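Coordinates in review
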Amino acid sequence: FRSFDGTAGDALEELASALHSYLTNPAERWFELNVQGRIKTQMDFDELAWLEEATDCIIAQYQREDSSLNSALHETYLDLGSFGAGVLSQEWDKENRGLIFQAKPLAHCYILENSRGQVDTLFHQLTWSLRQVKQEFGNMLPPKMMQINGEDKPIEMLHCVYPRTDYVPGSHPMRKKYASLWISLTTKEIVFESGYDTFPYHVPRWTKLSGEFYGRSPARKCLPDIKM
């Protein structure tokens, strides 16, 4: 890594901070719920009160310290400004009974769009220790992985999320709309399989040309000046 001037890095931090402040400011109520096709002035008091209460519940989830939303959003904005795309995961933490957000490294993610240009497939490769794998999936692991000695042993994992063609709404996790498949690349085994009702990754792109999956960033336009 060679760096001779801090202008580009400072500009990226300012851009990420501005996006966070203007779009998802944690000190403000930066969104509200509405009913599609309905105008709020035509709703009665009970309907408006329900929407307000539902919005407050979501805001409370986002503002929980262990949700890590604000730090994950800032990391995503940094990726968005420098690389043109970001990957933000949204999961339900069963232990703490709340949402948890994480920004995923773009270099370790492979995405595909559906026919409408929306990202509906994502493969994420990551390295976990055996201890982290047990924390995520418990002690009931595949046979080869059970033979690994040492809690600190690194294990290459691959998380695959893609749409199912045989899903049944409201059914068993194995038949949900999006498949979730955890594979151990180290031992060549399926570690865990389940599913999601909605796509658990948010993948914003700064701008892109038609036919592209990955975005183009403002840093790419400034790259000649950055190199100078």
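As shown above, the structure is provided for reference.
A few points on the structure. (Residues numbered from 1 in each chain as written. Predicted model: local features only at pLDDT ≥ 70, side-chain atom pairs only at ≥ 80, totals over all residues. Heavy atoms only, no water.)

What follows covers the overall build of the chain. Each helix and strand in the chain was counted, giving 6 helices and 8 strands. Traced from its N-terminal end to its C-terminal end, the chain shows the element sequence α-α-α-β-β-β-β-α-α-β-β-β-β-α. Projected onto its principal axes, the C-alpha coordinates of the chain cover approximately 60 × 60 × 35 Å. When the 228 residues of the chain are sorted by exposure, 35% land in the buried category. Within the chain, counting contacts between residues at least 6 apart in sequence, those at least 24 apart form 54% of the total. For the chain, the exposed surface amounts to about 15000 Å²; the carbon and sulfur share of it is 54%. Averaged over its 24 positive side-chain charges, the chain has a centre that lies 8 Å from the centre of its 31 negative ones. (Helix = DSSP H or I, 4+ residues; strand = E, 2+ residues; numbered from the N terminus. Buried < 20%, exposed > 50% of the residue type's maximum accessible area, 1.4 Å probe, protein only. Contact = heavy atoms within 4.5 Å. Areas by Shrake-Rupley, 256 points an atom, 1.4 Å probe, with all protein chains shown as cover. Lys, Arg positive; Asp, Glu negative; His and termini not counted. Charge placed at Lys NZ, Arg CZ, Asp CG, Glu CD.)

As enumerated under the stated definition, the model contains 1 cavity of 30 Å³ or more in all. Lining the largest cavity, in full, are Thr 24, Asn 25, Pro 26, Glu 28, Trp 30, Ile 59, Tyr 62, Gln 63, Leu 69 and Asn 70. Counting only elements with at least two residues in the lining of the largest cavity, the list comes to helix H2 (45-63) and helix H3 (69-83). Looking at the lining of the largest cavity, the element that brings in the most residues is H2, giving 3 residues. (1 Å grid on protein atoms, 1.4 Å probe; cavity = no way out; pocket = protein on both sides within 12 Å on 5 of 7 lines; lining within 4 Å. Points joined across faces, edges and corners; volume = space filled by probe spheres on them.)

Further remarks concern the environment of Tyr 162. The topology assignment puts Tyr 162 in strand S5 (residues 154-163). Given the relative accessible area of 29%, Tyr 162 is considered partly exposed. Once the C-alpha coordinates of Tyr 162 and Asn 114 are considered, the two residues, 48 residues apart in sequence, prove to be 10 Å apart. Discounting chain neighbours no more than four positions away, the residues touching Tyr 162 are Asp 120, Thr 121, Phe 123, Lys 177, Tyr 178, Ala 179 and Leu 181.

By the secondary structure assignment, Ala 179 is in strand S6 (residues 178-184). Considering only alpha carbons, one finds Ala 179 and Tyr 196, 17 residues apart in sequence, at a separation of 6.5 Å. Among all residues touching Ala 179, those that are not within four sequence positions of it are Cys 160, Val 161, Tyr 162, Arg 164, Ser 194 and Gly 195.

Here the focus is the side chain of His 159. Mapped onto the elements, His 159 comes out in strand S5. Among the polar contacts listed, one links the side chain of His 159 to the side chain of Trp 182, at a separation of 3.4 Å. Those residues in contact with His 159 that lie beyond four places of it in its chain are Glu 91, Leu 122, Phe 123, His 124, Ser 180, Leu 181, Trp 182, Tyr 196 and Tyr 201. (Polar contact = N/O pair within 3.5 Å; in protein donor to acceptor, adjacent residues only side chain to side chain.)

Reported here for the largest pocket is a volume of approximately 1300 Å³. As for the largest pocket, its lining consists of 35 residues, of which Glu 91, Trp 92, Asp 93, Glu 136 and Tyr 196 are closest to the centre. By residue class, the composition of the lining of the largest pocket is 15 nonpolar, 12 polar and 8 charged. (Nonpolar A, V, L, I, M, F, W, Y, C, P; charged D, E, K, R; others polar.)

On to the sheet that holds strand S4 (residues 119-129). Strands sit in the order S3-S4-S5-S6-S7 across an open sheet of 5 strands; the sheet is antiparallel. Of all strands in the sheet, those with a lone pairing partner are strand S3 (109-113) and strand S7 (189-196), marking the two edges. Each adjacent strand pair in this sheet contributes to an overall mean axis angle of 15 degrees, direction not counted. Here helix H4 (residues 130-137) sits on the sheet and contacts S4, S5, S6 and S7; the angle it forms with S4, its principal contact strand, is near 130 degrees. (Pairing = 2+ DSSP bridges. Axes fitted to C-alpha atoms, helices over the stretch in contact; angles between N-to-C directions.)

In this section: the packing of aromatic side chains. Enumeration over the complete set of coordinates arrives at 10 aromatic pairs. When the ring of Tyr 62 is compared with that of Phe 101, the centres are 5.7 Å apart and the planes differ by 75 degrees; the resulting orientation is edge-to-face. Of this pair, Tyr 62 sits in helix H2 while Phe 101 sits in strand S2 (residues 98-104), and the two are 39 residues apart along the sequence. For Phe 101, a relative accessible area of 4% translates into the label buried. Grouping aromatic residues by their ring pairs yields a cluster made of Trp 30, Phe 31, Tyr 62 and Phe 101. (Phe/Tyr/Trp six-rings, centres within 6.5 Å; stacked < 30°, edge-to-face > 60°.)

As enumerated under the stated definition, the model contains 9 salt bridges in all. With its nearest N and O atoms 2.7 Å apart, the salt bridge here joins Arg 64 to Asp 66. Note that Arg 205 and Glu 113 form a salt bridge whose closest N and O atoms lie 3.0 Å from each other. With a gap of 92 residues between them, Arg 205 in the loop between strand S8 (201-202) and helix H6 (218-227) and Glu 113 in strand S3 connect regions that are remote in the sequence. When salt bridges with common partners are traced through the structure, they connect Arg 29, Glu 52 and Asp 56 into a single cluster. (Salt bridge = Lys/Arg side-chain N within 4 Å of Asp/Glu carboxyl O.)

To continue, consider the sheet that holds strand S1 (residues 87-93). Reading across the sheet, the 3 strands line up as S2-S1-S8 and stay open at both edges, with antiparallel pairing between neighbours. Since the sheet does not close on itself, it has two edges, and those belong to S2 and S8, each with one partner. Strands S1 and S2 of the sheet are contacted by H3, whose axis makes an angle of about 25 degrees with S2.

Note that all results are geometric; they support no functional claim without further evidence.
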